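Descriptive analysis of the structure
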Amino acid sequence: MRGNILLASDGSDHALRATEEAIKLAKGLKKEIVVAYVVNFDQSKKDVLHSAGSLDREQKRKKQLQSTEQKLQEAEVAYSIKLLHGVPGPAIVEYANENAVSYVVLGSRGLNDLQEMVLGSVSHKVAKRVQCPVLIVK
């Protein structure tokens, strides 16, 4: 039996819709949800260069995940938060493959649409490289 459901979230509207689908899966399969939030190295460097302190970054992360956590709490599903570091796509793939998750659930787009168009979407990268079923939510 494989592990939990990995929900990649950045607080975007697509991530919130993905949260709703992850809740349905978790309830039906009686699984815990691990919410993955990726701290992007490039963004962290920019924050440091622009004098955004670690407290500011922590508050930003909590604000971005607040709606996701609220949905999970209201649905009364077991969940935990996992901070990943690196580039979002590869970080999610690495965690999913190393921890033998049952499913990965993520939104089709995140907060940075311009980066997606230039570099290719995180959801596409995850779907190609992860070793379990992936649910991409529009």
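From a predicted model like this one, the values you see are computed outputs, not experimental measurements.

Glancing now at the nonpolar core. Ranked by size, the top nonpolar core spans 17 residues in total, and within it Leu6, Leu84, Ile92, Val101, Val104 and Val126 carry the most contacts. Secondary structure elements with two or more residues in this core: β1 (5–8), β2 (33–39), α4 (88–98) and β4 (103–107). For this core, the element with the most residues is α4, which contributes five residues. In this structure Leu6 touches Val34, Ala36, Ile92, Tyr95, Ala96, Val101, Tyr103, Val104 and Val105, once residues within four positions along its chain are discounted. Ranked by size, the runner-up nonpolar core spans 15 residues in total, among them Ala22, Val35, Tyr37 and Leu65.

For the rest of this paragraph, the subject is the pattern of salt bridges. Following the criterion strictly, the structure yields two salt bridges and no others. As a salt-bridge pair, Lys71 and Glu20 come within 2.9 Å of each other at their nearest N and O atoms. One end of the pair, Lys71, is in helix α3 (residues 54–75); the other, Glu20, is in helix α1 (residues 13–29), and 51 residues separate them in sequence. Among the ionic pairs, Lys24 bridges to Glu21, the shortest N-O distance being 3.1 Å. Residue Lys24 and its partner Glu21 are both found in helix α1; the two are separated by three residues, about one turn of the helix. On the basis of relative accessible area, Lys24 is assigned to the exposed category, the value being 54%. A relative accessible area of 26% places Glu21 in the partly exposed class.

Below, the discussion takes up the environment of Ala15. Relative to the helices and strands, Ala15 resides in helix α1. Residue class for Ala15 comes out buried when judged on its relative accessible area of 3%. Spatially, the C-alpha atom of Ala15 lies 7.9 Å from that of Arg109, the residues being 94 residues apart in sequence. Setting aside anything within four residues of it in sequence, one finds Ala15 in contact with Ala8, Ser9, Asp10 and Gly107.

Scoring rules and cut-offs
Residues numbered from 1 in each chain as written. Predicted model: local features only at pLDDT ≥ 70, side-chain atom pairs only at ≥ 80, totals over all residues. Heavy atoms only, no water. Core = buried A, V, L, I, M, F, W, Y, C linked by side-chain atoms within 4.5 Å. Buried < 20%, exposed > 50% of the residue type's maximum accessible area, 1.4 Å probe, protein only. Helix = DSSP H or I, 4+ residues; strand = E, 2+ residues; numbered from the N terminus. Contact = heavy atoms within 4.5 Å. Salt bridge = Lys/Arg side-chain N within 4 Å of Asp/Glu carboxyl O.

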